[in-house]
Amino acid sequence: MNKSSAKIRPMLTFVRHFTTDPVSSNCPVKVKSMIRVDLAGETGADNIYAGQMAVLGNSEYGPKIQEMWEQEKYHKAKFEELISTYRVRPSLLNPLWKAAGFALGAGTALLGPKAAMACTVAVESVIVEHYNDQLRELMTEEKIDEELLSTIRKFRDDEQEHHDTGIQYKAEEAFLYEYLTKIIKTGSKCAIAVAKVV
Amino acid sequence: MDYSPARATCWIHLHHNLYADSSDSSSSKNENVENFKSESVSPHDHSFVSSLSGDGEGEQRKRDSEYENDVKNKILEASLNFVAEHGWTKAAIVAGAQSVGYPGVVSEMFPLGGSNLVLYFYSVCNDHLREYLEERAEAESQDPDKQKSVKLFIYDAVETRLRMIIPYIDKWPQALATLTLSKAVPTALSNLLILVDDICYYAGDRSVDLDWYVRRIALAGIYKVTELYMLQDKSPDYEETWKFLKKQLDDAATMYSRIQQSEQASQLTKEISIATFTTARNILGLNWKR
Ligand SMILES: [Fe+2]
Ligand SMILES: [Fe+2]
């Protein structure tokens, strides 16, 4: 063992301590990871709409954005509840998901309402896909968790609606629609990958 | 990472010695090529989550991979001369490699083909812009009479950067298309973020709060829209494009104050710590070069 690894070991133990869930709860690790990433995602979504509202709140798009925002707030609250009943460690990066979400919402809204809607379409399509993956995985569990299953199914439908709203509000006419969605989709997927573990 | 730099570099050494001084492109080393192929890695593979490993015994390894990168960069630089003819394609890389004395098969070192070439060009342009901005910021700080305008600085930076693609403008739509291939997107995005981060930094942005995020995302958006606008602009010296850019910046600046007045923003500003900001920077792979 060389010097540097001896120095690193206590740090690793420290990090592991915070990235491991409390052992006492009997919920499978896989399910915990799901709840953690879902809360991170909904936290991001809540802030995306907050960012859009900050810029477009007084425009004709305001009421519709507000409506979707309310649903996101509910999604987030629900996962906050699940995270405490299942005793899951929340993502360490929660402040980051908030900031990134808000900046994404506000930053794209600065380009105009259509760009904001393109952002909605991109993010929501990634979330729908992500929830569908989770539903498939939950179905294969021996003991199917009905509460979690129905929660995710309901939210998946909400997100699909948000996605369709974005399209309906002419997201596809946004000047850089294809480009913007591609970039945002990749960004969201990376965020999901990070939130699963950290 | 499933990657053996030592082995890959051996191969390059071998071929460097064999071919460096001749422009003969025929190769009988296909066996080696096949070996190498499965171990090759993109030169811009830092993607999103920057690697945390920093082993002490990696000195030799580091030197090897530096050497490998030098070779790759040399090839890609030469390949830019063939973009007009072949586009952003593997064919351009093959021609480029041959022009500096490597066999065409070394194009196998670039698993993303044409995308690797675009990504290389992108980051070289970013480097040029960084040098330019550094000088400009330096000059402005020396001269107290010069009225500093952040908006003008940003406008000038974006224009300067966009002008770098003019020599390739005919083939630029193809470049943008190759960047949307899913394997290229993470690096393309990272390149874009480095670009806007440099501009914001030299424009004097030292924020480590919510503004840091919003400014960068907004500027990235403006850069991209203007770039797309430029592709269809037929006006002399892209006059219309610069007008468009100015309007985008003005509009964004006007609306920016709304964000600062929002309740959620002030709430978030309180919550975001320097640690969050540092984490974000690391995850995005923004390792500052300045
Ligand atoms: Fe949601
Ligand atoms: Fe949603």
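Residues numbered from 1 in each chain as written. Chains lettered and ligands numbered in written order. Predicted model: local features only at pLDDT ≥ 70, side-chain atom pairs only at ≥ 80, totals over all residues. Heavy atoms only, no water.

1. Quick look at the nonpolar core
Of all hydrophobic cores here, the largest spans 132 residues; its most connected members are Ile35 and Phe102 of chain A together with Trp88, Ile199 and Tyr213 of chain B. Not counting residues up to four positions away in its chain, the partners in contact with Ile199 of chain B are Leu129, Leu133, Phe153, Ile154, Ala157, Val158 and Leu219 of chain B. (Core = buried A, V, L, I, M, F, W, Y, C linked by side-chain atoms within 4.5 Å. Buried < 20%, exposed > 50% of the residue type's maximum accessible area, 1.4 Å probe, protein only. Contact = heavy atoms within 4.5 Å.)

2. Section: the interface of chain B and chain A
Facing the 37 residues of chain B at the interface are 30 residues of chain A. Between chain B and chain A, roughly 2,900 Å² of surface is buried when both sides are summed, and carbon and sulfur atoms account for 80% of that area. Where chain B packs against chain A, one counts zero salt bridges. The interface formed by chain B and chain A includes two residue pairs in polar contact (both at pLDDT 80 or more). Of all the secondary structure elements, the ones that give two or more residues to the side of chain B that touches chain A are helix H8 (172-179), helix H9 (185-202), helix H10 (210-231), helix H11 (239-261), helix H12 (263-271) and helix H13 (274-283) of chain B. If you tally residues by element for the side of chain B that touches chain A, the top one is H10 of chain B, at eleven residues. (Buried area = accessible area lost by both parts, 1.4 Å probe. Salt bridge = Lys/Arg side-chain N within 4 Å of Asp/Glu carboxyl O. Polar contact = N/O pair within 3.5 Å; in protein donor to acceptor, adjacent residues only side chain to side chain. Helix = DSSP H or I, 4+ residues; strand = E, 2+ residues; numbered from the N terminus.)

3. Focus: the UniProt feature "binding site: Fe cation 2" (unreviewed entry) in chain A
Residue and element names in this part refer to chain A. Following the UniProt record, one finds the feature "binding site: Fe cation 2" (unreviewed entry) at Glu72, Glu124, Glu159 and His162. For the annotated residues, spread through 91 residues, the largest C-alpha to C-alpha distance comes to 11.2 Å, consistent with a single compact locus. Position of Glu72 among the secondary structure elements: in helix H3 (residues 62-85). Overall, Glu72 belongs to the buried group, its relative accessible area being 0%. With near-sequence residues (within four places) excluded, Glu72 lies in contact with Glu42, Ala45, Asp46, Tyr49, Glu124, Glu159 and His162. Mapped onto the elements, Glu124 comes out in helix H5 (residues 113-140). Given the relative accessible area of 2%, Glu124 is considered buried. Not counting the four nearest positions on each side in its chain, Glu124 is found in contact with Tyr49, Glu72, Glu159, His162 and His163. (UniProt positions renumbered as here; feature names shortened; annotations may be inferred.)

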